[in-house]
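An overview of the molecular structure
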Amino acid sequence: VWLWAVRRKFRLQRDQRHVNRMNRFERVSHFMLFITFSLLVVTGFALKFPEAFWAKWLFSIGMTEAVRAWIHRISATAMTLNLILFFVYMFLRRRGRGLLREILPGKRDFTDFFKSVRFYIKRPNTNAHPRFGVFNFAEKFEFWALVWGTGVMVVSGAILWFPKAIPAEWPTWIINVARVVHYYEALLATLAILIWHGYHTLFHPDEYPMNTSWITGYITAEEAEHRFEPKAVEKMQRSEKPKKQAPPAKVPDGEKGE
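These lines cover the structure that appears in this document, whether it is placed above or below. In this convention, every chain numbers its residues from 1, walking through the sequence in written order. In keeping with the model being predicted, local features are shown solely for residues with a pLDDT of at least 70 and side-chain atom pairs are shown and tallied solely at 80 or more, while totals for entire chains, interfaces and linings include all residues. The side-chain values count all of the structure's non-hydrogen atoms but skip hydrogen atoms and water molecules.

1. Describing helix 11 (residues 230–238)
Heads up, the condition is: Here the term buried applies to any residue with accessible area under 20% of the maximum for its type, exposed to any over 50%, and partly exposed to those in between, with areas from a 1.4 Å probe on protein chains only. The helix and strand labels rest on DSSP assignments: H or I over at least four residues marks a helix, E over at least two residues marks a strand, and numbering proceeds from the N terminus. Directions drawn from the helix axis to the C-beta atoms are what define this arc. Residues are treated as being in contact if the distance between any of their heavy atoms lies within 4.5 Å.
Burial in helix 11 covers these residues: Ala232, Val233 and Met236. The arc enclosing the buried residues of helix 11, seen along the axis, measures out at 100°, which places them on a common side. Turned more than 90 degrees away from the buried face of helix 11 sit Pro230, Lys231 and Arg238, all of them exposed. Structurally, helix 11 contributes buried residues whose contacts are with strand 1 (17–20), helix 5 (94–103) and helix 10 (221–227).

Below is the structure:
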């Protein structure tokens, strides 16, 4: 039933597209993040919990310790490069610079948060559903948490990957600290994706059964009107590339007018 509903929403967004929420580059970047993060979670926690049933299953299909370690490191490198490339995109491309401006935190995010709280604790249908800018406060929080978390994981992971590169004058306990930080940041990031991101993109009543714009790239006019202010919709529409117009059909010489 869930898959049927996902397919129906996918077709609805694809056929009644109104606002380009994610262009092709952004969708590919998101997909790369999804794949690399998933691989990091599986291979990382397999080291921490080797006796778990799912970890034993991985070992049974040939994912030995050496294979797991290399998949983990390759995924970490790919995820880091993907995030760096996305920031390059946000600085160099016009649409990217617009996204960066919109996703920066501001005072409005606090007022939007309390506006949402007031709306959801009141009786239903007492006032209009709050509408936000291009990114709401929850999306901004999640994006910058991803950036911060990736930085922490890169630093702590690099220490664990290249312990001999640490200067000799540094204290030896720094490796143990890096191991603890790496584990708990990984645990926090995994729970954030499963609970926070999972709720907002899957189980939120406005999104259920899934926000499929990460596949289609678009949302419908009804979704745009429900979620965004008119100014935000206008900004997203302006950021789209103008559609190429087909060249005028050539008229045979014999059919041309005098």
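Text resumes after the structure shown.
2. Notes on the nonpolar core
Let me state the cut-off plainly: By nonpolar core is meant a set of buried Ala, Val, Leu, Ile, Met, Phe, Trp, Tyr and Cys residues that side-chain atoms within 4.5 Å join together.
Counting residues in hydrophobic clusters, the biggest one holds 18 residues, and the most contacted among them are Val19, Met90, Phe143, Ala224 and Phe228. Put simply, the parts of the chain that give this core at least two residues each are helix 4 (65–92), helix 5 and helix 11. Looking at this core element by element, the count peaks at five residues for helix 4. In terms of nonpolar packing, the next biggest core, distinct from the first, is built from five residues, Ala46, Ala52, Ala55 and Leu58 among them.

3. Quick word on the environment of Val233
As for its placement among the helices and strands, Val233 is situated in helix 11. Sequence separation between Val233 and His18 is 215 residues; the distance between their C-alpha atoms is 9.4 Å. Once residues within four sequence positions are removed from consideration, Val233 is found in contact with His18, Val19, Ala224 and Phe228.

4. Examining unusual backbone geometry
Only a minority of non-glycine residues have a phi that is not negative, and only a minority of peptide bonds are not trans. In this model, Tyr208 is joined to Pro209 through a cis peptide bond whose omega is 10°. Of note, Pro209 is situated in the loop between helix 8 (173–203) and helix 9 (213–216).

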